[in-house]
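Here is how the chains run, residue by residue.
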Amino acid sequence: MKRAFLFVLAAVAILALLSLLPLPFERQTHITNTVTLRAPPQVVYDFATTPANWPKWHPASLAVQGATDHPLKLGEKVAEEFRLAGRHGILHWTVVDARPPYTWRIEGEVNRRPAGEVRYTLTPDGTGTRFERDFVYRTPNLLFLILDPIFIGPRVRAESKQGARQLEQIFATLAPAIPAAASMPVAASGVPAQ
């Protein structure tokens, strides 16, 4: 009986250790939220890419450090304290693509390991802007792979959706003070001139 118990205990310990090892393949989860905001693309871009604003609209963002007072440009870095799906930590973001006012992408690391990316795509839409946020996170190990569809993914989706709604509310409140997109010069291509 004691031998059987030790065997089961050893098997459980081995499975627990294996579940924490990195996966031999890469798996990513995409969470995309889209809202239409009552402001021109440049105004939305400047607000969304300024790290000091992140805690104002995204529930996972607790605080930011570094270059936080302006829209981040290509190569700039910032650290963000987060609580996402119950997990607390520090993400170190680097801007890897910045084409104002239409696209912006950052890649993040936690403990010097790739953790995910955030991509913003902005499109003029009538007198406002269609804002799409795509959050991509990586699955680091088997335990995460098992827990993601049950616990982690649904919470991340809910928090991302809440962030999109809060961003929409901010721009709805600011709308009267923001110049209309219709007053922006439009190039021959139909895209507002930069």
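Residues numbered from 1 in each chain as written. Predicted model: local features only at pLDDT ≥ 70, side-chain atom pairs only at ≥ 80, totals over all residues. Heavy atoms only, no water.

A. Broad picture of the pattern of salt bridges. Evaluated as defined, the whole model comprises six salt bridges. We note a salt bridge from D97 to R99, for which the minimum N-O separation is 2.7 Å. Residue classification places D97 among the buried positions, given a relative accessible area of 19%. Owing to a relative accessible area of 51%, R99 belongs among the exposed residues under this scheme. Salt bridges here are not isolated pairs; linked through shared partners, they connect R105, E107, E117, R119 and D134. (Salt bridge = Lys/Arg side-chain N within 4 Å of Asp/Glu carboxyl O. Buried < 20%, exposed > 50% of the residue type's maximum accessible area, 1.4 Å probe, protein only.)

B. Expanded view of the environment of A39. With respect to the helices and strands, the residue A39 is situated in the loop between strand 1 (28-37) and helix 2 (41-48). Measuring from C-alpha to C-alpha, the distance between A39 and P176 comes to 9.5 Å, with 137 residues separating the pair along the chain. When sequence neighbours within four positions are dropped, the list of residues in contact with A39 reads V44, T127, G128, T129, F171 and I178. (Helix = DSSP H or I, 4+ residues; strand = E, 2+ residues; numbered from the N terminus. Contact = heavy atoms within 4.5 Å.)

C. Representation of the environment of R130. Here R130 lies in strand 7 (residues 128-138). Along the chain, R130 and T34 lie 96 residues apart, while their C-alpha atoms are 6.9 Å from each other. Among residues more than four places away in sequence, those in contact with R130 are T34, V35, T36, T121, L122, T123 and D125.

D. Representation of the nonpolar core within the structure. One finds W54, W104, Y120, F131, V156 and F171 to be the most contacted residues of the largest nonpolar core, which totals 36 residues. Sequence-distant contacts of W104, defined by excluding residues within four places in its chain, comprise Y45, T49, W54, L72, V95, D97, A98, V118, R119 and Y120. (Core = buried A, V, L, I, M, F, W, Y, C linked by side-chain atoms within 4.5 Å.)

E. Layout of the pairing of strand 6 (residues 113-125). Here eight bridges tie strand 5 (residues 103-110) to strand 6, and the two strands are oriented antiparallel to one another. By the bridge assignment, R105 is partnered in strand 6 with R119. Connecting the antiparallel pair strand 5 and strand 6 is a turn made up of two residues, with N111 showing a positive phi of about 55 degrees. Here strand 6 pairs with strand 7 via ten bridges, running antiparallel. Following the sheet pairing, V118 is matched in strand 7 by F135. Linking two consecutive strands that pair antiparallel, namely strand 6 and strand 7, is a turn of two residues; a positive phi of about 65 degrees is found at G126 within it. (Pairing = 2+ DSSP bridges.)

F. Just the side chain of T49, in detail. Mapped onto the fold, T49 is located in the loop between helix 2 and helix 3 (54-57). Judged by relative accessible area, which is 0%, T49 ranks as buried. From its side chain, T49 meets the backbone oxygen of Y45 in a polar contact 2.7 Å long. When near neighbours in sequence (up to four residues on either side) are disregarded, T49 contacts W54, H70, P71, L72, W104 and Y120. (Polar contact = N/O pair within 3.5 Å; in protein donor to acceptor, adjacent residues only side chain to side chain.)

G. The arrangement of the confidence of the model for the protein chain in detail. Model confidence for the protein chain is summarised by a mean pLDDT of 85, while 81% of its residues fall at 70 or above. pLDDT under 50 marks residues 181-194. Its contacts with residues more than four places away, or in other chains, come to 21 contacts. (pLDDT = per-residue confidence, 0-100.)

H. Region of the structure containing helix 4 (residues 142-174). Helix length check: helix 4, at 33 residues, gives a terminal C-alpha distance of 45 Å against a target of 48 Å (1.5 Å per residue), a fit within 8%. Along helix 4, the helix axis deviates most sharply at D148, where the bend reaches about 80 degrees; the proline P149 sits within four residues downstream. Those residues of helix 4 lying buried are F144, D148, I152, G153, V156, E159, S160, G163, A164, L167 and F171. Contacts from the buried residues of helix 4 go to strand 1, helix 2, helix 3, strand 3 (77-84) and strand 7. (Expected span 1.5 Å × (residues − 1). Bend = angle between axes of the 7 residues up to and from the residue.)

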